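Analysis of the macromolecular model
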Amino acid sequence: MMSTGITPEQWRTYEEQGYLKLGKVLTGMELVALSQRIDHIMLGKAELDYERLMMQREAGEGYEQSGQTNGFKGSTLNYRKIENLEFDPLFLSYMQKPVFREICDKVYGTDIRVSCFRAMFLNKPARNGSVLPFHQDRWTDLDRDPLVTVWTALDPATIENGCVKIFPKTQGHLMNPSNPSGFLTRDQVERLHEVMEPINLELEAGEAVLLHNWTVHGSEGNSSAKSRRAFSVCYMDGETVSAAGKKFSVVFGSGSLQPELIV
Ligand SMILES: O=C(O)CCC(=O)C(=O)O
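Residues numbered from 1 in each chain as written. Predicted model: local features only at pLDDT ≥ 70, side-chain atom pairs only at ≥ 80, totals over all residues. Heavy atoms only, no water.

Burial in helix H5 (residues 186–195) covers these residues: Gln188, Val189 and Leu192. Projected down its long axis, H5 carries its buried residues within an arc of 100°, all on one side. Projecting away from the buried face of H5 at angles above 90 degrees are the exposed residues Arg186, Arg191 and Glu194. Of the surrounding secondary structure, the elements contacted by the buried residues of H5 are strand S6 (132–135), strand S8 (164–167) and strand S11 (216–219). (Buried < 20%, exposed > 50% of the residue type's maximum accessible area, 1.4 Å probe, protein only. Helix = DSSP H or I, 4+ residues; strand = E, 2+ residues; numbered from the N terminus. Arc of directions from axis to C-beta. Contact = heavy atoms within 4.5 Å.)

Set out below in structure tokens:
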């Protein structure tokens, strides 16, 4: 069944657990369209300004893992991460679905414009794909903390291909506040493992999960013959400014997609 709204009980579950499975958020046709679109982007066949996209190539095929820099890095499905997908009309239109507006209204308030910290393709190519260590999605260079991320599976996400793993109920506090990107120390991860097992968020293609940004999460590599493509969007208060004076692309409410520099 398609996800159209979130019930009060589901919100309670989210607040308690730090995550909520949203079910199918993409129709079959939308899923095919987004999956084909991202493959076209990776293969260099899409008509868009590649200089606006941050594209990180995964190690393999004779290449090292590339830096996280803007611009095309070769025609291959072996990309790890592609950011700034709000500049692609198809991905933007998915990000602006009413169910996500509803989530942002609930989390940030109804009259508040919402921007995205990042609209990001995260790929674990078949028999490849790097481990992502446990972290909380928190960045020290923002003037306020983004609170929610919607992670959507474009392929089935399974234990074998490196689905996201979370430690539920960890959203209450920052574990390593001085780390610029929220990564936990090895000791902190060991201590979490002593008290609980992480949950594997296995999803069907087209399903999504809502994550509180502070819910501890990470993922393994991909040992299977199938890719694990996903699209992750972090929605935040549209007034958020980075230490460098950057405001971000507005996705709900009045404002521009063009990030502004306010100095
Ligand atoms: O896709 C993954 O493996 C991790 C996702 C993640 O860290 C995120 O979406 O914030």
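After presenting the structure, the write-up continues.
A few words now on unusual backbone geometry. With a phi angle near 55°, Glu61 is a residue other than glycine that sits in the positive phi range. On the secondary structure map, Glu61 appears in the loop between strand S2 (54–57) and strand S3 (69–70). The exposure class assigned to Glu61 is exposed, which follows from its relative accessible area of 54%. Phi angles above zero are rare outside glycine, and Arg127 is one such case at about 50°. Look at Arg127 and you get exposed, because its relative accessible area is 62%.

Turning to the nonpolar core, a few remarks are in order. In this structure, Leu22, Ile82, Leu85, Phe100 and Tyr235 are the most contacted members of the largest nonpolar core, which totals 49 residues. Excluding residues that lie within four positions of it along the chain, Tyr235 makes contacts with Met95, Phe100, Cys104, Tyr108, Val114, Ser115, Pro146, Leu147, Val148, Val150, Val251 and Phe252. Counting residues in each nonpolar core, the second largest holds 14 residues, with Leu122, Cys163, Leu201 and Leu211 among its members. (Core = buried A, V, L, I, M, F, W, Y, C linked by side-chain atoms within 4.5 Å.)

Looking now at the environment of Ser227. Assignment of secondary structure puts Ser227 in the loop between S11 and strand S12 (228–237). Here Ser227 falls in the partly exposed class, since its relative accessible area comes to 23%. As for Ser227 and Thr110, which are separated by 117 residues in sequence, their C-alpha atoms are 38 Å apart. Not counting residues within four places of it along the chain, the set of residues in contact with Ser227 comprises Asn123, Lys124, Pro125, Ala126, Asp155, Asn161 and Asn222.

On to the site of the ligand. Taken together, the neighbourhood of the ligand is formed by Arg118, Leu122, Lys124, Leu132, His135, Asp137, Trp151, Val164, His217, Ser219, Arg228 and Ser232. Contact between the ligand and His135: an oxygen atom at 3.1 Å from a side-chain N or O atom of the residue. Within the side chain of Ser232, a nitrogen or oxygen atom sits 2.6 Å from an oxygen atom of the ligand. Considered on its own, the ligand offers 290 Å² of accessible surface; in the complex 98% of this is hidden by protein. Broken down by element, the residue count for the shell around the ligand peaks at 3 residues, all from strand S5 (residues 114–124). Residues that form the shell around the ligand fall into these classes: 4 nonpolar, 4 polar and 4 charged. (Near = heavy atom within 4 Å. Polar contact = N/O pair within 3.5 Å; in protein donor to acceptor, adjacent residues only side chain to side chain. Areas by Shrake-Rupley, 256 points an atom, 1.4 Å probe, with all protein chains shown as cover. Nonpolar A, V, L, I, M, F, W, Y, C, P; charged D, E, K, R; others polar.)

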